[in-house]
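What follows is each chain in one-letter form.
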Amino acid sequence: MNTEQTGNYQLQLKNELEFVRNRFLLELKQSKHPYTGELALVLEQNAPADWLDLIASKVTPEQFPRYQRLVQLEAALCQIDIGQFGYCCDCEVPLTYEELKKDAATQRCHQCQSKVS
């Protein structure tokens, strides 16, 4: 994968990450659960890079899919930073264009994903 392609994926991932963070915060503020408003305040007072640690033990089942997506996006951006983006995290084969086009935060090739699922 060339630098331009990686840069495009990085921009796409960063944009989605910001969207998901904002959406998650909004959901926390609108939730009827008493502690979610408190969690929203805590998140607003901390850097977004610290959110995963702050959320991990407090996420409700309804919020888990959004939290899980935050984890995936952060992991994909980390892979870009260390030069491992576009490779399966298990077998290290290059991910296909189709896999990355479907979801730029993909961590596993089709074969390894089928073993996990």
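Residues numbered from 1 in each chain as written. Predicted model: local features only at pLDDT ≥ 70, side-chain atom pairs only at ≥ 80, totals over all residues. Heavy atoms only, no water.

1. Here's the deal with the nonpolar core
Point 1. If you look at the biggest cluster of nonpolar residues, it comprises 28 residues, and the most contacted ones within it are L13, L43, I55, L70 and F85.
Point 2. The set of elements that each furnish at least two residues to this core consists of α1 (3-30), α2 (34-44), α3 (51-55) and α4 (64-81).
Point 3. If you tally residues by element for this core, the top one is α1, at seven residues.
Point 4. Excluding residues within four positions of it along the chain, L13 makes contact with L73, A76, L77, I80, F85, A104 and A105. (Core = buried A, V, L, I, M, F, W, Y, C linked by side-chain atoms within 4.5 Å. Buried < 20%, exposed > 50% of the residue type's maximum accessible area, 1.4 Å probe, protein only. Helix = DSSP H or I, 4+ residues; strand = E, 2+ residues; numbered from the N terminus. Contact = heavy atoms within 4.5 Å.)

2. Some words on the pattern of salt bridges
Point 1. What the rule picks out here adds up to seven salt bridges.
Point 2. Among the ionic pairs, E74 bridges to R21, the shortest N-O distance being 2.5 Å. Of this pair, E74 sits in helix α4 while R21 sits in helix α1; the two residues are 53 residues apart in sequence, bridging distant segments of the chain.
Point 3. For R21, a relative accessible area of 16% translates into the label buried.
Point 4. A salt bridge links R66 to E27; its shortest N-O distance comes to 2.5 Å. Taken together, the residues span a long stretch of sequence, with R66 in helix α4 and E27 in helix α1 at a distance of 39 residues. (Salt bridge = Lys/Arg side-chain N within 4 Å of Asp/Glu carboxyl O.)

3. Remarks on unusual backbone geometry
Point 1. Positive phi values are uncommon outside glycine, yet E92 reaches one of about 65°.
Point 2. With respect to the helices and strands, the residue E92 is situated in the loop between α4 and α5 (97-102).

4. Things to note about the packing of aromatic side chains
Point 1. Within this structure, the stated rule accounts for two aromatic pairs.
Point 2. An angle of 50° between the planes, with centres 5.4 Å apart, marks the rings of Y9 and F85 as tilted. Note that Y9 is positioned in helix α1 and F85 in the loop between α4 and α5, a separation of 76 residues in sequence. The same class applies to Y9 and to F85, which are both buried.
Point 3. Between the aromatic rings of F64 and Y67, the centroid separation amounts to 6.1 Å while the plane-to-plane angle is 45°, which identifies the pairing as tilted. Here F64 pairs with Y67, and both are found in helix α4, just three residues apart, close to one helical turn.
Point 4. Of the residues examined, F64 reaches a relative accessible area of 40% and is grouped as partly exposed. (Phe/Tyr/Trp six-rings, centres within 6.5 Å; stacked < 30°, edge-to-face > 60°.)

Just distances and angles here, no functional claims.
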